[in-house]
Amino acid sequence: MTFEHCIRCTICVESCPVFRVQPEFPGPKQAGPDAQRFRIGREKSIDDWVLLCSQCKRCEMACPCGVEPAQIILRVQQRYGLEHPHTPAHLLFANNYYLSALGSMTAPLANRIAAAKIGKKILGQMGIATYIPFPKFSFKTLRGEKKIRSRGNRKIAFFYGCFINFYRPDIGRKIMRMLQSFDINVVLPPQVCCGLPALGNGNLALARTFARKNVASLSNYIDAGYDIVYTCTSCGLCLLQDYMGILEIPEAKKIAENSYDLHEYLLKLIAEREISPAFREVNRSLAYHIPCHLRALKIGYPAAELMKRIPGLDVAILDDACCGLSGSYGFKTTNEATACELGARAVSLIRKTGAKAIVADCGSCRMQLSGLSGMNAFDPSEILCESLGIRNKK
């Protein structure tokens, strides 16, 4: 649907978390379809407030007419990035894949600098917020793990993403062992960043470069009979929607048709009677924060369905609040107040449940909510592995 289909009902505005707390952002209706009616291709973009949109996609989920305000705004953000100098923060986060690789190679030193006062001061001068701790780089990444062969016929190419690869490869290893326990063959295909950080920071060309590399690699595995499985909901949204959408890669249709969220995939195998997980009791009280991009995938809450099968587990589902971090969005000092206010609201709702820990599919959500609340935050796969008795080898 194009902007002309907008009926100006303002439902998208009511659903926008940024509009609630940031008075300089006019909301998705005005920033998207309303303003689009007056944008002229030959005129330089001056709407700097489009950068205040966090691309949470809640407006698109709410629109009754199928208009995509976030996509309209995203395209204007790219145009704004081409026509104006990028801030140091935008340049750094657009190249997050390369910076994370460097940080991982120098992990002990990089982690020490990022946590030190002088490091935080330098980051602040570059426009990078430090109100929550940065995740620690892992010297040993997931990329170096060997292929796991099993007796079954089911084959998975695991798109693990930057967060698991550079920061939490321990989660990735548990996922691989869990899949192996179901007699599934797991490979780690050659891959780069999904491209979303570059896209979200105004570098369309770099995002398209990453996307083309991933499409070429993953297509080969699909042709060889592999299903693509991702765990990061933002990576998944980029693979399924942005590659064919704003990045205009027609070959990505094959990727979208053969890619699954990890928990969605496990439910599929259970429904087809290919696996029958023997979940054991886990005595935990958890608040399950639903990431905005999981809602945007329109696959329901598959991790919640799986956790319901675990005896002793008490899970409160919270799907009404955005955590506020939105990847690199909240790590910019210009968005820090917005991110903190939205995060505080999400934490308040979590505390009201009485839960002792948090679970969320998105690494950014876990960083934000754990950093603001002081509570432990888990990936849903960690809870599944705990119930199945799967641990990493020491």
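It should be noted that the structure appears before, not after, this text.
None of these values were measured; they are calculated from a predicted model.

### Side note on the overall build of the protein
- Per the secondary structure count, the protein includes 21 helices and eight strands.
- Relative to the 2.2 N^0.38 estimate, which gives 21 Å for 394 residues, the radius of gyration of the protein is 21 Å and therefore close to what a compact globule would have.
- Once the C-alpha set of the protein is aligned to its principal axes, its extents read approximately 60 × 45 × 40 Å.
- Buried residues in the protein amount to 55% of all 394 residues.
- Accessible surface for the protein amounts to roughly 17,800 Å². Of this, 53% is attributable to carbon and sulfur atoms.
- Charged side chains of the protein number 50 positive and 34 negative; the gap between the two group centres comes to 7 Å.

### Concerning the side chain of Thr 231
- Tracing the backbone shows Thr 231 in the loop between strand E3 (227–230) and helix H14 (233–242).
- The residues touching Thr 231, leaving out its near neighbours within four places in the chain, are Phe 158, Phe 159, Tyr 160, Ile 164, Ile 175, Asp 261, Leu 262 and Asp 361.

### Overview of helix H7 (residues 96–105)
- Those residues of H7 lying buried are Asn 96, Tyr 97, Ser 100, Gly 103 and Ser 104. The buried residues of H7 all sit within an arc of 125° when viewed along its axis, so they share a single face.
- In this structure, the buried side of H7 is in contact with helix H6 (88–94), helix H8 (107–115), helix H10 (161–167), helix H12 (196–200) and helix H13 (204–223).

### Quick word on the packing of aromatic side chains
- Under the counting rule described, the total for this entry stands at 11 aromatic pairs.
- Here the aromatic rings of Phe 93 and Phe 331 are separated by 6.3 Å at their centres, their planes lie at 25°, and the arrangement is stacked. Within this pair, whereas Phe 93 is found in helix H6, its partner Phe 331 is found in the loop between strand E6 (313–318) and helix H19 (336–353), the two being separated by 238 residues in sequence.
- Exposure remark for Phe 93: the relative accessible area of 11% places this residue in the buried category.
- For Phe 331, a relative accessible area of 5% corresponds to the buried category.
- Here Tyr 97 and Phe 166 contribute two aromatic rings whose centre-to-centre distance is 5.9 Å and whose plane-to-plane angle is 65°, an arrangement assigned as edge-to-face. With a gap of 69 residues between them, Tyr 97 in helix H7 and Phe 166 in helix H10 connect regions that are remote in the sequence. Assigned by exposure class, Tyr 97 and Phe 166 land together as buried.

### Let's talk about the environment of Phe 3
- Relative to the assigned elements, Phe 3 resides in the segment before helix H1 (11–15).
- Phe 3 sits 216 residues away from Ser 219 along the chain, and the two C-alpha atoms are 33 Å apart.
- Contact partners of Phe 3, with chain neighbours within four places excluded, come to Pro 33, Gln 36, Arg 37, Val 67 and Ile 72.

### Some details on helix H21 (residues 380–388)
- Buried residues dominate H21, accounting for eight of its nine residues.
- Within H21, the full set of buried residues consists of Pro 380, Ser 381, Glu 382, Ile 383, Leu 384, Cys 385, Ser 387 and Leu 388.
- Looking one or two places after H21, you find Gly 389, whose phi comes out positive at around 75°.

### Some words on the sheet that holds strand E1 (residues 155–159)
- Judged by pairing direction, the sheet is parallel, and its four strands sit side by side in the order E2-E1-E3-E4 without closing on themselves. In the strand order of this sheet, the two ends are held by strand E2 (185–187) and strand E4 (259–261), each with one partner. Neighbour-to-neighbour, the strand axes of the sheet open up by a mean angle of 35°, direction not taken into account.
- As judged from the three bridges shared by E3 and E4, these two strands associate in the parallel manner. What sits directly across from Ile 228, in E4, is Ser 259.
- Contacting E1 and E2, helix H11 (residues 169–181) runs over the sheet at an angle of about 170° to E1.

### Looking at the nonpolar core
- Core analysis: the largest hydrophobic core is formed by 81 residues, its most contacted members being Met 178, Tyr 243 and Leu 266.
- Here the element with the most residues in this core is H13; it accounts for seven residues.
- Contact partners of Met 178, with chain neighbours within four places excluded, come to Leu 262, Leu 266, Leu 384, Cys 385, Leu 388 and Ile 390.
- One finds Ala 287, Ala 321, Ala 360 and Met 367 within the second-largest nonpolar core, a separate group that totals 23 residues.

### Observations concerning the pairing of E3
- Along E3, one buried face is formed by Asp 227 and Val 229 and the opposite face, lined by Ile 228 and Tyr 230, is buried too.
- Of the pairings in the sheet, the one linking E1 to E3 comprises four bridges and is parallel in character. Paired with Ala 157 across the two strands is Ile 228, which belongs to E3.

### Looking at the packing of helix H3 (residues 28–36) against helix H5 (residues 69–83)
- At a minimum axis separation of 8 Å, H3 and H5 run at an interaxial angle of 75°. In terms of their interaxial angle, H3 and H5 are classed as roughly perpendicular. Here H3 contributes Pro 28, Ala 31, Gly 32, Pro 33 and Gln 36 to the contact with H5, which in turn contributes Pro 69, Ile 72, Ile 73 and Val 76.
- Along the lines of polarity and charge, the residues of the contact of H3 with H5 split into seven nonpolar, two polar and no charged.

### Focus on the sheet that holds strand E7 (residues 357–359)
- If you trace the four strands from one edge of the open sheet to the other, you get E6-E5-E7-E8, paired in parallel fashion. Two strands close off the open sheet at either side, each with one partner strand: E6 and strand E8 (377–378).
- Relative to E7, strand E5 (residues 284–289) runs parallel, the two sharing three bridges. Note on E7: the bridge partner recorded for Leu 286 is Ala 357.

Thresholds, definitions, all that
- Residues numbered from 1 in each chain as written.
- Predicted model: local features only at pLDDT ≥ 70, side-chain atom pairs only at ≥ 80, totals over all residues.
- Heavy atoms only, no water.
- Helix = DSSP H or I, 4+ residues; strand = E, 2+ residues; numbered from the N terminus.
- Rg over C-alpha atoms; globule rule 2.2 N^0.38 Å.
- Buried < 20%, exposed > 50% of the residue type's maximum accessible area, 1.4 Å probe, protein only.
- Areas by Shrake-Rupley, 256 points an atom, 1.4 Å probe, with all protein chains shown as cover.
- Lys, Arg positive; Asp, Glu negative; His and termini not counted.
- Charge placed at Lys NZ, Arg CZ, Asp CG, Glu CD.
- Contact = heavy atoms within 4.5 Å.
- Arc of directions from axis to C-beta.
- Phe/Tyr/Trp six-rings, centres within 6.5 Å; stacked < 30°, edge-to-face > 60°.
- Pairing = 2+ DSSP bridges.
- Axes fitted to C-alpha atoms, helices over the stretch in contact; angles between N-to-C directions.
- Core = buried A, V, L, I, M, F, W, Y, C linked by side-chain atoms within 4.5 Å.
- Parallel < 35°, antiparallel > 145°, perpendicular 65-115°, else oblique.
- Nonpolar A, V, L, I, M, F, W, Y, C, P; charged D, E, K, R; others polar.

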